[in-house]
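Here are the chains, one letter per residue:
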Amino acid sequence: LKDFRVLNGKNQTEKLGQFALDKGIVQAGDDVEKIAVKANAARKDAGDRLNAIYKGVVEDFNKGGAASNLSSAEKSALNEAGFNPARDKEQILSEVSKSMGNQEGKAGAIKRIGAYLDQLIEDHGDKTLDPKMSQDIKTEMDKVAGWARNPLTKEPATESAFKEARRIVSNKIDDDINRLGKLSGNPEALAQLKAANSDYGNA
């Protein structure tokens, strides 16, 4: 619970509790199964919105000529945004290594992350993934990071490594949305993207 509260440096307990209440995910008399069904439904809805809004912004951005009017610096910044497993692998492994210091089991944990990134590269190639796909990958990292594991199967080094990796991916998702939204010149679309991304992550 302590780790859960400080996920991403924010107090997630209150944030997710309020989200669950606002979306009707948790109501009086609900058991775990009912809550799970409603949480999955909320996740699907948010994921569909995130996909649709993101694709709409990209299409409008390209059709409206905004993409062709970017400076070289803006084009470079946009190309570097988002999560690309092939491009970002070495950065992630380096930052994870630094964050772990001299922790016992570090080498094995980094090797496991490297293997997972290699799997993603094999599956998706050298391309930047959309926010929904990146969120799904972050969720898989969360599982290994220990948020939903059996307390009797703790793996301190691996959990530390995956927590840092998912933090990096999370930041890349936010950066992708912020840069695309701002360069599109559509504040409303940017707000909708941020809201859908937040809902999807929370659900």
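Cut-offs applied
Residues numbered from 1 in each chain as written. Predicted model: local features only at pLDDT ≥ 70, side-chain atom pairs only at ≥ 80, totals over all residues. Heavy atoms only, no water. Salt bridge = Lys/Arg side-chain N within 4 Å of Asp/Glu carboxyl O. Buried < 20%, exposed > 50% of the residue type's maximum accessible area, 1.4 Å probe, protein only. Helix = DSSP H or I, 4+ residues; strand = E, 2+ residues; numbered from the N terminus. Phe/Tyr/Trp six-rings, centres within 6.5 Å; stacked < 30°, edge-to-face > 60°. Lys NZ or Arg CZ within 6 Å of the ring centre and 35° of its normal. Core = buried A, V, L, I, M, F, W, Y, C linked by side-chain atoms within 4.5 Å. Contact = heavy atoms within 4.5 Å. Axes fitted to C-alpha atoms, helices over the stretch in contact; angles between N-to-C directions. Parallel < 35°, antiparallel > 145°, perpendicular 65-115°, else oblique. Nonpolar A, V, L, I, M, F, W, Y, C, P; charged D, E, K, R; others polar.

## Concerning the pattern of salt bridges
This structure, assessed with the given rule, holds 14 salt bridges. For Lys38, the salt bridge identified is with Asp30, shortest N-O distance 2.5 Å. Among the residues examined, Lys38 registers a relative accessible area of 24% and is labelled partly exposed. Residue Asp30 is classed as partly exposed on the basis of its relative accessible area, which comes to 22%. Residues Lys44 and Asp48 are paired through a salt bridge, measuring 2.9 Å at the closest nitrogen-oxygen approach. Here Lys44 pairs with Asp48, and both are found in helix H3 (residues 32-63), just four residues apart, close to one helical turn. The class for Lys44 is exposed, based on a relative accessible area of 55%. Look at Asp48 and you get partly exposed, because its relative accessible area is 40%. Look at the salt bridges and you will find they share partners, linking Arg43, Lys132 and Asp136 into a network.

## Quick word on the packing of aromatic side chains
If you walk through the whole model with that rule in mind, you get zero aromatic pairs. The ring of Tyr200 carries the charged tip of Arg43 above its face, separated from the ring centre by 4.2 Å.

## Describing the nonpolar core
For soluble globular proteins, the rule of thumb is that nonpolar side chains tend to be buried together. Phe83, Ile92, Val96 and Ile113 are the most contacted members of the largest nonpolar core, which has 37 residues in total. Broken down by secondary-structure element, the contributors of at least two residues to this core are H3, helix H5 (85-100), helix H6 (106-124), helix H7 (131-145), helix H8 (156-184) and helix H9 (187-202). Considering every element that reaches this core, the biggest residue donor is H8, with nine residues. Setting aside its immediate chain neighbours within four residues, Ile92 contacts Phe83, Ile113, Leu117, Ala165 and Ile168. If you look at the next biggest cluster of nonpolar residues, it comprises five residues, including Phe19, Ala20, Ile25 and Ala42.

## Examining the packing of H3 against H7
Interhelical geometry of H3 versus H7 gives an angle of 140 degrees and a closest axis separation of 9 Å. Taken together, the axis directions place H3 and H7 in an arrangement best described as oblique. Taking contact as the criterion, the partners of Arg43, Gly47, Leu50, Asn51 and Tyr54 in H3 are, on H7, Pro131, Lys132, Gln135, Asp136 and Thr139. Its residues assigned to classes, the contact of H3 with H7 comprises three nonpolar, four polar and three charged.

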